[in-house]
Amino acid sequence: MSAIERTDVLVVGLGPAGSRVAATAASAGRRVVALDRRREPGVPVQCAEFIPALLDQEIEGLGAVTRQRVREMMTFVEDEAPDIKPDFPGRMIDRAKFDAALAARAAEAGAECRFGAAVEAVDPDGTVRLSDGSGLRGEVLIGADGPRSRVGRALGRINEHVVETRQITVPLYAPNEQTDIFLSADIPGGYGWLFPKGEVANLGVGVAPEAKHRLKPILDDLHENLAVRDRVGRRVFGHTGGPIPVGGMLDPIGRLDETPVLLAGDAAGLANPVTGAGISAAVIAGGAAGEAAAAHLSGDAEALPDYAEELTELFKPALDRALARRRELLARYREDQAPTPENLRRGWIAYPEYWAA
Ligand SMILES: Cc1cc2nc3c(=O)[nH]c(=O)nc-3n(C[C@H](O)[C@H](O)[C@H](O)COP(=O)(O)OP(=O)(O)OC[C@H]3O[C@@H](n4cnc5c(N)ncnc54)[C@H](O)[C@@H]3O)c2cc1C
């Protein structure tokens, strides 16, 4: 067997979380190798491409990856007239360019970013095995490898609950600056979305896994409904989809034999169980994980527990609330009572009921 390549920080995954880990740890002077099975950063895009304005404080130069601004959210509950949430600012991005820009910054900071490097296995001692049979080991290992993280699995931290999604890109007839959300008892465990990108839009649906077989008909219905109202065209420019973790936060630190391990982003279950949004949490957690890895290597014995504490403080309250709301809605289906419009409102972030005790 070939010799094991060694580095200070080994990052699996070069999505938003992994690229931020790599950039931060490399900026702190650490040797970083980061691996991603994708040949090109962010491709294929598996995302509705909305980021909240909050990310402007974390990442410079977002203008270069922005397709358009968003100002408000419009929520459609069943067939009722929509409710407008006026203050919901953010950006629609080109997600492939966004991921590529973050990976480029990691490389500029000195991280060695390798694309086309698929991790096949993570050994019990933290050695990472690639599909070509080679092995790598970091003084610290980072799992930033998304919802079905292999690093997380090796630690026994698994996203047990996911939402399955399907999305198409369609012509948008009246360009606008709002994200449209469609809530219905017919979309169990999820919702529909129409997010604008100038003259096209991402139209998608997410559902609980038990309803996965209904994704296509639900999305076709939504598409047809919007097409007959002349909001979108019938042409489909592209398809995507993928799982979103919705089970809430996992313990983000652990050990494989002597190797300390940190999880970040979807691998740590940081996507919101109601909205499915996970980009900003991935970016923030990635930065914190990179700092923690560097601090650990400089002898800070508390760096890892501090990382876990930071994530808990930053994300757990919001994730727990979303989880509770999600469970309330799912319980209705189990009791054979489809959620009412009131139930759906209590389960969605645009309504005061969601934030009530
Ligand atoms: C359809 C859809 C729509 C979404 N829309 C939004 C949205 O509008 N806004 C939002 O904030 N969030 C959205 N999300 C969620 C968001 O995409 C994720 O939360 C975010 O990408 C998490 O970033 P990450 O870096 O943790 O993981 P990822 O972006 O998944 O990156 C993980 C990386 O690890 C790599 N990888 C995985 N396994 C291996 C392996 N074995 N070997 C090597 N590399 C590996 C992958 O190739 C990938 O590049 C959406 C998700 C889906 C599926």
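Residues numbered from 1 in each chain as written. Predicted model: local features only at pLDDT ≥ 70, side-chain atom pairs only at ≥ 80, totals over all residues.

1. Remarks on the overall build of the protein
Along the backbone of the protein there are 8 helices and 18 strands. What you see for the protein is a C-alpha radius of gyration of 20 Å, in line with the 21 Å of a compact globule of 357 residues. With the C-alpha coordinates aligned to their principal axes, the bounding extent of the protein is approximately 60 × 40 × 35 Å. Residues classed as buried in the protein amount to 49% of the 357 residues present. Residue pairs in contact within the protein that sit at least 24 positions apart in sequence constitute 71% of those at least 6 positions apart. (Helix = DSSP H or I, 4+ residues; strand = E, 2+ residues; numbered from the N terminus. Rg over C-alpha atoms; globule rule 2.2 N^0.38 Å. Buried ≥ 20, exposed ≤ 12 C-beta atoms within 10 Å, placed from the backbone. Contact = placed C-beta atoms within 7 Å.)

2. Some words on the nonpolar core
Ranked by size, the top nonpolar core spans 104 residues in total, and within it Val 11, Ala 22, Ile 142, Leu 262, Ala 264 and Ala 285 carry the most contacts. Counting contributing residues, this core receives three or more from each of domain 1 (5-67 + 91-159 + 247-322) and domain 2 (162-245 + 335-355). Beyond its immediate stretch of four places on either side in the chain, Val 11 contacts Gly 18, Val 21, Ala 22, Val 32, Ala 34, Leu 35, Ile 142 and Ala 144. (Core = buried A, V, L, I, M, F, W, Y, C linked by C-beta atoms within 7 Å. Domains from an automatic or database assignment.)

3. Re the sheet that holds strand 15 (residues 200-207)
The 7 strands are arranged 6-5-13-14-15-12-16 in an open sheet whose pairing can be described as mixed. Strands at the two margins of the open sheet, each flanked by one partner only, are strand 6 (83-85) and strand 16 (238-245). Between one strand axis and the next, the sheet turns through 20° on average, direction left out of account. Judged from the 3 bridges that link them, strand 5 (residues 72-77) and strand 6 form a sheet pairing that is antiparallel. Pairing of Thr 75 across the sheet is with Asp 83, part of strand 6. (Pairing = 2+ DSSP bridges. Axes fitted to C-alpha atoms, helices over the stretch in contact; angles between N-to-C directions.)

4. Considerations on the site of the ligand
Within the structure, the ligand sits among 38 residues, and Gly 13, Gly 15, Gly 146, Gly 265 and Gly 278 are positioned closest to it. For the shell around the ligand, the class distribution of residues is 18 nonpolar, 13 polar and 7 charged. Built from parts of two domains, the shell around the ligand gets at least three residues from each of domain 1 (5-67 + 91-159 + 247-322) and domain 2 (162-245 + 335-355). (Near = placed C-beta within 6 Å. Nonpolar A, V, L, I, M, F, W, Y, C, P; charged D, E, K, R; others polar.)

5. Side note on the sheet that holds strand 3 (residues 50-52)
The 3 strands lie next to each other as 3-7-4, forming an open sheet whose pairing is antiparallel. What marks the edges here is a single partner per strand, and that holds for strand 3 and strand 4 (66-70). Sheet twist, expressed as the mean angle between neighbouring strand axes with direction ignored, is 30°.

6. Concerning the domain arrangement of the protein
Think of interface size as the accessible area that goes away when the parts come together; that is how it is often given. Per the domain assignment, the segments of the protein are domain 1 (5-67 + 91-159 + 247-322) and domain 2 (162-245 + 335-355). Look at where the C-alpha atoms of domain 1 and domain 2 centre, and you get two points 28 Å apart. Taken residue by residue, the interface counts 19 residues in domain 1 and 21 residues in domain 2. Its residues assigned to classes, the side of domain 1 that touches domain 2 comprises 8 nonpolar, 7 polar and 4 charged.

7. Let's talk about the packing of helix 1 (residues 16-27) against helix 5 (residues 279-297)
Following both chains from N to C, one finds helix 1 and helix 5 inclined at 30°, their axes separated by 7 Å at the closest point. One way to sum up the angle between helix 1 and helix 5 is to call them roughly parallel. Where helix 1 crosses over helix 5, the handedness of that crossing is right-handed. Across the interface between the two elements, Pro 16, Ala 17, Gly 18, Ser 19, Arg 20, Val 21, Ala 22, Ala 23, Thr 24 and Ala 25 of helix 1 pack against Ile 279, Ala 282, Val 283, Ala 285, Gly 286, Gly 287, Ala 289, Gly 290, Glu 291, Ala 293 and Ala 294 of helix 5. In terms of residue class, the contact of helix 1 with helix 5 is made up of 13 nonpolar, 6 polar and 2 charged. (Parallel < 35°, antiparallel > 145°, perpendicular 65-115°, else oblique. Left-handed = near helix turned anticlockwise from the far one by under 90°.)

8. Section: the packing of helix 5 against helix 6 (residues 303-334)
Packing of helix 5 against helix 6 brings their axes to within 9 Å, and their N-to-C directions diverge by 160°. Put simply, helix 5 runs roughly antiparallel to helix 6. You can see that helix 5 and helix 6 cross each other, and the crossing is right-handed. Counted together, Ala 281, Ile 284, Ala 285, Ala 288, Ala 289, Ala 292, Ala 295 and His 296 of helix 5 and Ala 303, Leu 304, Asp 306, Tyr 307, Glu 310, Leu 311, Leu 314 and Phe 315 of helix 6 form the full contact between these two elements. The residue makeup of the contact of helix 5 with helix 6, split by class, is 13 nonpolar, 1 polar and 2 charged.

9. So, the pairing of strand 9 (residues 119-122)
Working note: regular strand, side chains alternate between the two faces of the sheet. Judged from the 3 bridges that link them, strand 9 and strand 10 (residues 128-130) form a sheet pairing that is antiparallel. When the sheet's bridge partners are listed, Ala 121 is paired in strand 10 with Arg 129. Joining the antiparallel neighbours strand 9 and strand 10 is a turn of 5 residues, in which Gly 126 adopts a positive phi near 90°.

10. Topic: helix 1
Here helix 1 is 12 residues long and its end C-alpha atoms lie 16 Å apart, about the 16 Å a rise of 1.5 Å per residue gives. Helix 1 sits mainly inside the fold: 11 of its 12 residues count as buried. Inspection of helix 1 places Pro 16, Ala 17, Gly 18, Ser 19, Arg 20, Val 21, Ala 22, Ala 23, Thr 24, Ala 25 and Ala 26 among the buried residues, and these make up the whole buried set. Where helix 1 is buried, its residues meet strand 1 (5-12), strand 2 (32-36), helix 2 (95-108), strand 8 (112-115), strand 11 (135-143) and helix 5. (Expected span 1.5 Å × (residues − 1).)

11. Digging into the pairing of strand 7 (residues 90-93)
Of the two faces of strand 7, the one carrying Gly 90 and Met 92 and the one carrying Arg 91 and Ile 93 are both buried. For strand 3 and strand 7, the ladder comprises 3 bridges, and the chain directions are antiparallel. Paired with Pro 52 across the strands is Gly 90, a residue of strand 7. As defined by bridge partners, strand 4 adjoins strand 7 across 4 bridges and the pair is classed as antiparallel. Considered in strand 7, the bridge of Gln 68 is made with Met 92.

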